[in-house]
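Below, each chain spelled out in residue letters.
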Amino acid sequence: MRKISIAVTQMTCSWDREANVRRAGELVEEAASKGAQVVLLQELFETPYFCIEIDKAHYKEATTISANPAIRAMRKLAAERDVVVPVSFYEQAADGRRFNSLAVIDAGGDILGVYRKSHIPDFPAYEEAFYFDPGDTGFKVWDTKYVRLGCGICWDQWFPESARIMALMGAELLIYPTAIGRPTMGSADEIPNSKPHWQITMQGHAAANQVILAASNRIGIESGNECRTQFYGGSFIAEETGAKSVELGEEDSGVAVCEFDLDRIAEFRKAWGIFRTRRTDLYEPLRAVRPPEYLMAR
């Protein structure tokens, strides 16, 4: 049996970058002490979710990979605790572009590579197109010490194509560091509850591809110039049928850990025959057909 123990985490974030990195490190330590071999931290945990507003002042939060303090700290922990720690960060590229990126740190502390977020949201409370260029890495899968890992970032999780491509590339575990909540654009606005929709969408990716899926979200209330968002946590791990195995609450700062048998899941996938019976000859409309115009407008 090939066993894998996975942890999801969640925490609040302030403008004290050093404190945020320290708290993230404490969560990694806690998860490792509970047997976790892969520890997933939330999206852009070094700062509050600055994409809640449009402000050029936040450009200064971007760093190169080599200069990023969170990556440096998590590489040290990955080496000390022999755990895999993907790190979400605001990347400043050498050519001047900025990306919402994920550095995949293997057990032992080596950086296996970087994934740059492919799908970029562009609407109030999630003004990411103002801060990030669309990712240019394509979808990525890495052979870590413990598991073949496919990585998306937040908005990527709404696209079944992303999950399917990574599964076809051999991913045994899909991870999504996330920042999502209930935004209000004024005191009279009703707060929509997207949490069930958010979770069910990713549970569907796990079920359709018959892989483990983990998502780590932030918690707490954060405010911008015209918006206030309650981040609702709900970090969870889904098993290969899509059922949730563990889940954190809306206000829980901490970790949740679950163990899986990768060999058993591989036999389960083989028995179902999903990948053997695919009809790639029918899938060209995914590229060729344009959605109705009303779906394309902001």
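Above: the structure in question.
Colleague: Is there a simple way to explain the environment of methionine 166 in this structure?
Modeller: Take methionine 166: it is sitting in helix H3 (residues 160-168). Take methionine 166: its relative accessible area is 1%, and that puts it in the buried class. C-alpha of methionine 166 to C-alpha of valine 141: the two residues are 25 residues apart in sequence and 6.4 Å apart in space.

Colleague: When you look at the side chain of glutamate 61 in this model, what are you seeing that I'm missing?
Modeller: When you line up the elements, glutamate 61 lands in the loop between strand E2 (38-40) and helix H2 (69-81). Owing to a relative accessible area of 10%, glutamate 61 belongs among the buried residues under this scheme. Side chain to side chain, glutamate 61 and arginine 17 meet in a polar contact 3.1 Å long. Filtering out sequence-adjacent residues up to four positions away, glutamate 61 remains in contact with Trp15, Arg17, Thr47 and Tyr90.

Colleague: Sorry, what's going on with the packing of aromatic side chains here?
Modeller: A ring pair, where both rings are aromatic, is described by two values, the distance of the centres and the angle of the planes. In this structure the tally under the stated criterion is 17 aromatic pairs. Aromatic side chains tryptophan 198 and phenylalanine 236 sit 5.9 Å apart centroid to centroid with 90 degrees between the ring planes, which places their arrangement in the edge-to-face category. With tryptophan 198 in helix H4 (residues 195-209) and phenylalanine 236 in strand E13 (residues 236-238), this pair connects stretches of sequence that are 38 residues apart. Assigned by exposure class, tryptophan 198 and phenylalanine 236 land together as buried. One aromatic cluster in this structure is built from Tyr49, Phe123, Tyr126, Trp155, Trp158, Phe159 and Phe231. Positioned over the ring face of tyrosine 59 is arginine 98, at 4.0 Å from the centre of the ring. The cationic tip of arginine 116 hangs over the ring face of phenylalanine 99; the distance from NZ or CZ to the ring centre is 4.0 Å.

Colleague: I keep staring at unusual backbone geometry and nothing clicks. Help me out?
Modeller: With the exception of glycine, most residues fall at negative phi, and the peptide bonds are largely trans. For leucine 44, which is not glycine, the phi torsion reads 50 degrees and is therefore positive. In this fold, leucine 44 is placed in the loop between E2 and H2. Located in the positive-phi region is aspartate 82, a residue other than glycine, with phi close to 55 degrees. With respect to the secondary-structure elements, aspartate 82 resides in the loop between H2 and strand E3 (85-92).

Colleague: So what exactly am I meant to see when it comes to the pairing of strand E6 (residues 140-143) here?
Modeller: As judged from the 4 bridges shared by E6 and strand E7 (residues 148-151), these two strands associate in the antiparallel manner. Looking at E7, one finds that tryptophan 142 is bridged to leucine 149. A loop of 4 residues connects E6 with E7, the two strands running antiparallel in sequence.

Colleague: Hey, could you run me through helix H5 (residues 262-272) in this one?
Modeller: Given 3.6 residues per helical turn, the α-helix brings residues three or four places apart onto the same face. Those residues of H5 that fall on the buried side of the exposure criterion are Leu262, Ile265 and Arg269. Buried residues in H5, looked at end-on, bunch into an arc of 60 degrees, giving them a common side. Exposed and oriented more than 90 degrees from the buried face of H5 are Glu267, Lys270 and Ala271. Those residues of H5 that are buried lie in contact with strand E1 (3-10), H3, H4, strand E10 (212-216) and strand E15 (254-261). Capping the start of H5 is the job of one residue whose side-chain oxygen sits 3.0 Å from the backbone nitrogen of aspartate 263: aspartate 261.

What counts as what
- Residues numbered from 1 in each chain as written.
- Predicted model: local features only at pLDDT ≥ 70, side-chain atom pairs only at ≥ 80, totals over all residues.
- Heavy atoms only, no water.
- Helix = DSSP H or I, 4+ residues; strand = E, 2+ residues; numbered from the N terminus.
- Buried < 20%, exposed > 50% of the residue type's maximum accessible area, 1.4 Å probe, protein only.
- Polar contact = N/O pair within 3.5 Å; in protein donor to acceptor, adjacent residues only side chain to side chain.
- Contact = heavy atoms within 4.5 Å.
- Phe/Tyr/Trp six-rings, centres within 6.5 Å; stacked < 30°, edge-to-face > 60°.
- Lys NZ or Arg CZ within 6 Å of the ring centre and 35° of its normal.
- Pairing = 2+ DSSP bridges.
- Arc of directions from axis to C-beta.

So yeah, pure geometry; function would need other evidence.
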